[in-house]
Amino acid sequence: MGLANCSECGKVYVENAARVCPECYRRQEDDAEKVVEYLRDIDKATLEEIHQATGVKHKIILRLLRSGRIMGSAISYPCETCGTLIDEGRLCDKCSKNILDQIHTDDQHEKHEPQNSQRQRSRMYGKVLGDK
Ligand SMILES: [Zn+2]
Ligand SMILES: [Zn+2]
């Protein structure tokens, strides 16, 4: 067990599984309690609504969501790219599709590249030869 800086408050603490100092850990547990408690009486809330109602930081709520402490279906949070409210994954449908399109386009580009650059190279080569 070594010493580490708390990722929340920066204080030095004896390393643990939670990766934050005991003080912050306790606070995070309290926050988690509050959020879970709040969601118990409600079907669906946005990240902002939960934040307003409980005072818990967005970052902490998202962490709870990703760690499975709170159900994803109970909460809407903004897409990491455009801010549209979503309730699963990290990006909205549109942004995930954009990224897929991007990858797809890159793929095709990749496939055509060798042919193009080969053609270009021989053209350049021919020019160089012609110049001499
Ligand atoms: Zn701390
Ligand atoms: Zn988006």
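Everything numeric here is computed off the predicted structure, so don't read it as measured data. (Residues numbered from 1 in each chain as written. Chains lettered and ligands numbered in written order. Predicted model: local features only at pLDDT ≥ 70, side-chain atom pairs only at ≥ 80, totals over all residues. Heavy atoms only, no water.)

Draft legend 1. The overall build of the protein, seen in detail. A count of helices and strands for the protein gives four helices and five strands. Helices (α) and strands (β) of the protein occur, in sequence order from the N terminus, as β-β-α-β-α-α-β-β-α. Residues classed as buried in the protein amount to 23% of the 132 residues present. In the protein, of all internal contacts separated by at least 6 residues, the share reaching a separation of at least 24 is 28%. (Helix = DSSP H or I, 4+ residues; strand = E, 2+ residues; numbered from the N terminus. Buried < 20%, exposed > 50% of the residue type's maximum accessible area, 1.4 Å probe, protein only. Contact = heavy atoms within 4.5 Å.)

Draft legend 2. The arrangement of the coordination of the zinc ion (ligand 1) in detail. At the metal site, the zinc ion (ligand 1) is ligated by Cys-6 (SG), Cys-9 (SG), Cys-21 (SG) and Cys-24 (SG), and these contacts range over 2.2 to 2.3 Å. Around the zinc ion (ligand 1), the four donor atoms are arranged such that angles at the metal cover 105 to 115°; this shape is classified as tetrahedral. Between consecutive donors of the zinc ion (ligand 1), the numbers of intervening residues give the motif C-x2-C-x11-C-x2-C. Residue Cys-6 is found in the loop between strand E1 (3-5) and strand E2 (12-14), and its partner Cys-21 is found in the loop between E2 and helix H1 (22-40); the two are separated by 15 residues along the sequence. Each of the two residues, Cys-6 as well as Cys-21, counts as buried. (Donors = N, O, S within 2.8 Å, 3.2 Å for Na, K, Ca; no water. Tetrahedral: all angles 85-135°; square planar, octahedral: opposite > 155°, others 65-115°.)

Draft legend 3. Region of the structure containing the sheet that holds strand E5 (residues 85-86). Pairing is mixed across the open sheet formed by three strands, whose spatial order is E3-E4-E5. Each having just a single partner strand, strand E3 (45-46) and E5 make up the two edges of the open sheet. Pairing analysis gives two bridges linking strand E4 (residues 75-78) to E5, with the strands arranged antiparallel. When the sheet's bridge partners are listed, Pro-78 is paired in E5 with Leu-85. (Pairing = 2+ DSSP bridges.)

Draft legend 4. View of the nonpolar core. Residues Val-35, Leu-39, Ile-50, Ile-61, Ile-70, Ile-75 and Tyr-77 are the most contacted members of the largest nonpolar core, which totals 20 residues. Secondary-structure elements contributing two or more residues to this core are H1, helix H2 (47-54), helix H3 (58-66) and E4. It is H3 that contributes the most residues to this core, five residues altogether. Residues within four places of Ile-75 in sequence aside, it is in contact with Lys-44, Ala-45, Leu-47, Ile-50, Ile-61, Leu-65, Ile-86 and Asp-87. Counting residues in each nonpolar core, the second largest holds six residues, with Ala-4, Cys-6, Val-20 and Cys-24 among its members. (Core = buried A, V, L, I, M, F, W, Y, C linked by side-chain atoms within 4.5 Å.)

Draft legend 5. Local environment of the pattern of salt bridges. Per the stated rule, a full pass over the model turns up eleven salt bridges. Here Lys-57 and Glu-8 are joined by a salt bridge, their closest N and O atoms 3.6 Å apart. Within this pair, whereas Lys-57 is found in the loop between H2 and H3, its partner Glu-8 is found in the loop between E1 and E2, the two being separated by 49 residues in sequence. A salt bridge links Asp-87 to Lys-44; the nearest nitrogen and oxygen atoms lie 2.9 Å apart. Within this pair, whereas Asp-87 is found in the loop between E5 and helix H4 (93-131), its partner Lys-44 is found in the loop between H1 and E3, the two being separated by 43 residues in sequence. (Salt bridge = Lys/Arg side-chain N within 4 Å of Asp/Glu carboxyl O.)

Draft legend 6. Local environment of the packing of H2 against H3. Contact geometry of H2 with H3 gives a least axis separation of 10 Å together with a crossing angle of 120°. You can see that H2 and H3 cross each other, and the crossing is right-handed. Taken together, the residues of H3 that come into contact with H2 (itself represented by Leu-47, Glu-48, Ile-50 and His-51) are His-58, Ile-61 and Leu-62. Along the lines of polarity and charge, the residues of the contact of H2 with H3 split into four nonpolar, two polar and one charged. (Axes fitted to C-alpha atoms, helices over the stretch in contact; angles between N-to-C directions. Left-handed = near helix turned anticlockwise from the far one by under 90°. Nonpolar A, V, L, I, M, F, W, Y, C, P; charged D, E, K, R; others polar.)

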